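Examination of the molecular architecture
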Amino acid sequence: MKKIVPFGILVIVVILAFMYPGNVAAAKPATTYNGADIAWMLISTALVLLMTPGLAFFYGGMVRKKNVISTMLQSFVCMGLITIIWVVFGFSMAFGDDIGGLGLIGNPKSFFMMQNTLGVAWLGGTIPVILFAMFQLKFAVITPALITGAFAERIRFNSYLIFITLFIIVIYIPLAHATWHPQGIFFKYGVLDFAGGTVVHMSAGWAALASALYLKKRTGAEEIHTPARISYVILGTGLLWFGWFGFNAGSALGAGELAATALATTTTASAAAAMSWIFFDILRGKKPSAMGACIGAVVGLVAVTPAAGYITVSSSLIVGIVAAVVSNLVVIWRSKTNIDDTLDVFPCHGVGGMVGMLMTGIFATKAVNSAGAEGLAYGETTLFVKHVVALVAVSVFAFVGAFILLKVTDLISPLRVTPEEELAGLDVTQHDEEL
């Protein structure tokens, strides 16, 4: 039965595709499309997709040689599985008409099987709904992939597929609706999350911590962990940094000054964080390392994500430097505990995302984005308080929710490989492949 179910689901998808053959809106309103905006969003969508293979290299280079392929595949497979979920009902539940006025979930009928996504602009803007849907898809793809670094080298691949399916439906989609949909509860509350501090990084970070706690330590985790390919980590960082311009600047949803500002703050925060990580390591008596520079750069990208379209370039320097120091300190703390977060996903993505949310509450200004608000640095406390409330709410929801989903998945299909499989390596035991 277990072998039949996955392919059976694909058969159901094929039947649904025959039942819903078109995605043109029944009644086309007058469109306000802008060619430049569409062109930029097409590029941004491609850039964000590139981030997932970039993450595969980033994580793959950090694990031991016997687990490189399995770790990279855990990221890569998200581009397949999550896309199917998103097209069938995921986008509709995230961005469809709000159900019940609660701001928690969208109607799966609104854009089911991508219905009503052609011939109409997203929220009366300048790009088609189908383009917005594909842009947002890439965010949904990379989020569960981020979690994989926490349970790398010890999870069964089939069980992993079940878990990320549940994660997208139960945690990611509600957070996306609550934060980015005009009727979402966080959106209406006034939370500013330009490109995914809560939706992407905090959700993945807290799920990563839950995963590390649930799956416990790797066999031989106390041994010195030798990364397989530092060059892969450097390559992955480059691809992530490059793709992140689409992630953040693309979230402006148009080719204008806001996109340029987001691109600038993204570059600056990442650069500042990379150097901050290196210099902080030197301060602690360590040698500057390629791994440290790469981790720092990614932490800067994570932290600036919620703030990119709301803060000035000079403020982004502060965001990058502070985030790198805080995440570095949390990595040091984590290494002294029994928490085996293999690739420090929680200290880097979870903590980085939280620092970014708080920094947004401090440095946001309407001078950059009139749709935003004034932060603590500009004499207003309201936004900062709202971000603290949202931070706590999202943290509890993502951590508790992920822990429950891990338990449910474990009941359906055991999550952890056997000790013998773990020692042999997941590349061979899960995929019959090796470097």
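Below: a short report on this structure. Here, residues in each chain are numbered from 1, in the same order as that chain's written sequence. Local features in a predicted model are, by the rule used here, given only for residues with pLDDT of at least 70; side-chain atom pairs are given and counted only at 80 or more, and totals for whole chains, interfaces and linings are based on all residues. Derived side-chain values reflect all non-hydrogen atoms in the structure, with water molecules and hydrogen atoms excluded from consideration.

Right, let's talk about the nonpolar core for a bit. Soluble, globular proteins show a tendency: their nonpolar side chains are buried together. Nonpolar cores were defined as sets of buried Ala, Val, Leu, Ile, Met, Phe, Trp, Tyr and Cys residues, with membership established by side-chain atoms within 4.5 Å. Classification of residues uses two cut-offs on accessible area relative to the type maximum, computed with a 1.4 Å probe and protein chains only: under 20% is buried, over 50% is exposed, and between them is partly exposed. Grouped together as the largest cluster of nonpolar side chains are 125 residues, with contacts concentrated most on Phe 58, Trp 86, Phe 91, Phe 139, Tyr 172 and Phe 247. Ignoring anything within four residues of it in the chain, the contact list for Tyr 172 reads Trp 86, Gln 136, Phe 139, Ala 140, Thr 143, Phe 167, Trp 180, Val 199 and Val 200. Whether two residues touch is decided by their heavy atoms; if any such pair falls within 4.5 Å, the residues are in contact.

On the surface, Phe 7, Leu 10, Val 11, Ile 15, Met 19, Tyr 20 and Ile 84 cluster together into a nonpolar patch covering about 650 Å² of accessible area. Each helix corresponds to a stretch of at least 4 residues labelled H or I by DSSP, and each strand to a stretch of at least 2 residues labelled E; elements are numbered beginning at the N terminus. Sort the elements by how many residues they give to the nonpolar patch and helix α1 (residues 4-19) lands first, with five residues. Residues enter a patch when their relative accessible area is above 30% and they make no salt bridge; the linking distance is 9 Å between like charges and 5 Å between nonpolar side chains (Val, Leu, Ile, Met, Phe, Trp, Tyr). Every accessible area reported is derived by Shrake-Rupley at a probe size of 1.4 Å, with residue values counting cover from the shown protein chains alone. Salt bridges, as used here, are contacts in which a Lys or Arg side-chain nitrogen is within 4 Å of a carboxyl oxygen on Asp or Glu.

Viewed as axis vectors pointing N to C, helix α2 (residues 35-60) and helix α3 (residues 68-76) meet at an angle of 155°, and their least axial separation amounts to 8 Å. Accordingly, the angle class assigned to the pair α2 and α3 is roughly antiparallel. Crossing of α2 over α3 shows right-handed handedness. Across the interface between the two elements, Thr 52, Leu 55, Ala 56, Phe 57, Tyr 59 and Gly 60 of α2 pack against Val 68, Thr 71, Met 72 and Ser 75 of α3. Looking at the contact of α2 with α3, its residues break down into six nonpolar, four polar and no charged. Each axis is a line fitted through C-alpha atoms, and for a helix only the stretch in contact is used; angles between axes span 0 to 180 degrees, taken between their N-to-C directions. For this classification, under 35 degrees means roughly parallel, over 145 means roughly antiparallel, 65 to 115 means roughly perpendicular, and everything else is oblique. By convention the crossing between two helices is left-handed if the near helix lies anticlockwise of the far one by an angle smaller than a right angle, and right-handed if it lies clockwise. Only Asp, Glu, Lys and Arg are considered charged in this grouping, and only Ala, Val, Leu, Ile, Met, Phe, Trp, Tyr, Cys and Pro are considered nonpolar; every other residue, Gly among them, is considered polar.

Before going further, it helps to spend a moment on unusual backbone geometry. The backbone phi angle of Glu 153 is positive, close to 80°, even though this residue is not glycine. Given the relative accessible area of 1%, Glu 153 is considered buried. With a phi close to 55°, Asp 432 is a non-glycine residue in the positive phi region. You can see Asp 432 is positioned in the segment after α16 (426-431).

All right, on to the pattern of salt bridges then. Scanning the entire structure with this criterion turns up seven salt bridges. In this structure, Asp 344 and Arg 334 form a salt bridge, with 2.8 Å as the shortest nitrogen-oxygen distance. Of this pair, Asp 344 sits in the loop between α12 (313-335) and α13 (345-363) while Arg 334 sits in helix α12, and the two are 10 residues apart along the sequence. Taking the relative accessible area as the measure of exposure, Asp 344 reaches 13% and is therefore buried. When the shortest N-O distance is used, the salt bridge between Arg 416 and Glu 422 registers 3.1 Å.

In this section: the environment of Phe 279. Note on placement: Phe 279 falls in helix α10 (residues 257-283). Considering only alpha carbons, one finds Phe 279 and Gly 292, 13 residues apart in sequence, at a separation of 9.8 Å.

Looking at the secondary structure, you find Thr 45 in helix α2. Classification of Thr 45 as buried rests on a relative accessible area of 9%. Leave out the neighbours within four places in its chain, and Thr 45 touches Leu 131, Met 134, Phe 135 and Lys 138.

All right, on to helix α14 (residues 382-412) then. A helix is expected to span 1.5 Å multiplied by its residue count minus one. Spanning 31 residues, α14 covers 44 Å between terminal C-alpha atoms, matching the ideal 45 Å at 1.5 Å per step. Taken residue by residue, α14 has Leu 383, His 387, Ala 390, Leu 391, Val 394, Ser 395, Ala 398, Gly 401, Ala 402, Leu 405, Leu 406 and Thr 409 as its buried positions. At its buried positions, α14 is contacted by α6 (157-180), α7 (185-189), α8 (197-215) and α13.

Here we take up the side chain of His 181. Within the secondary structure layout, His 181 lies in the loop between α6 and α7. Residue His 181 is classed as buried on the basis of its relative accessible area, which comes to 5%. Polar contact is the term for a pair of N or O atoms within 3.5 Å; when the atoms are in protein, one must be able to donate a hydrogen and the other to accept it, and sequence-neighboring residues count only if both atoms are side-chain atoms. Engagement of the side chain of His 181 in a polar contact is seen with the backbone oxygen of Phe 95, the distance being 3.5 Å. For His 181, the side chain forms a polar contact with the main-chain oxygen of Gly 96, separated by 3.0 Å. Discounting residues that sit within four places of it in the chain, His 181 has contacts with Ala 94, Phe 95, Gly 96, Asp 98, Ala 176 and Phe 187.

Aromatic rings considered in pairs are described by the distance between their centres and by the relative angle of their planes. Within 6.5 Å between ring centres, the rings of Phe, Tyr and Trp (the latter by its six-membered ring) count as paired, and their orientation is classed by plane angle as stacked under 30 degrees, edge-to-face over 60, tilted in between. Evaluation of the coordinates by the stated rule reveals 26 aromatic pairs. Look at Phe 139 and Phe 247: their rings are 4.3 Å apart centre to centre, the planes differ by 15°, and that puts the pair in the stacked class. Placement of Phe 139 in helix α5 (residues 129-147) and of Phe 247 in helix α9 (residues 230-249) is noted, with a sequence separation of 108 residues between them. A relative accessible area of 1% places Phe 247 in the buried class. Through a chain of ring-to-ring contacts, the aromatic side chains of Trp 86, Phe 91, Phe 95, Phe 111, Trp 122, Phe 132 and Tyr 172 assemble into a single cluster.

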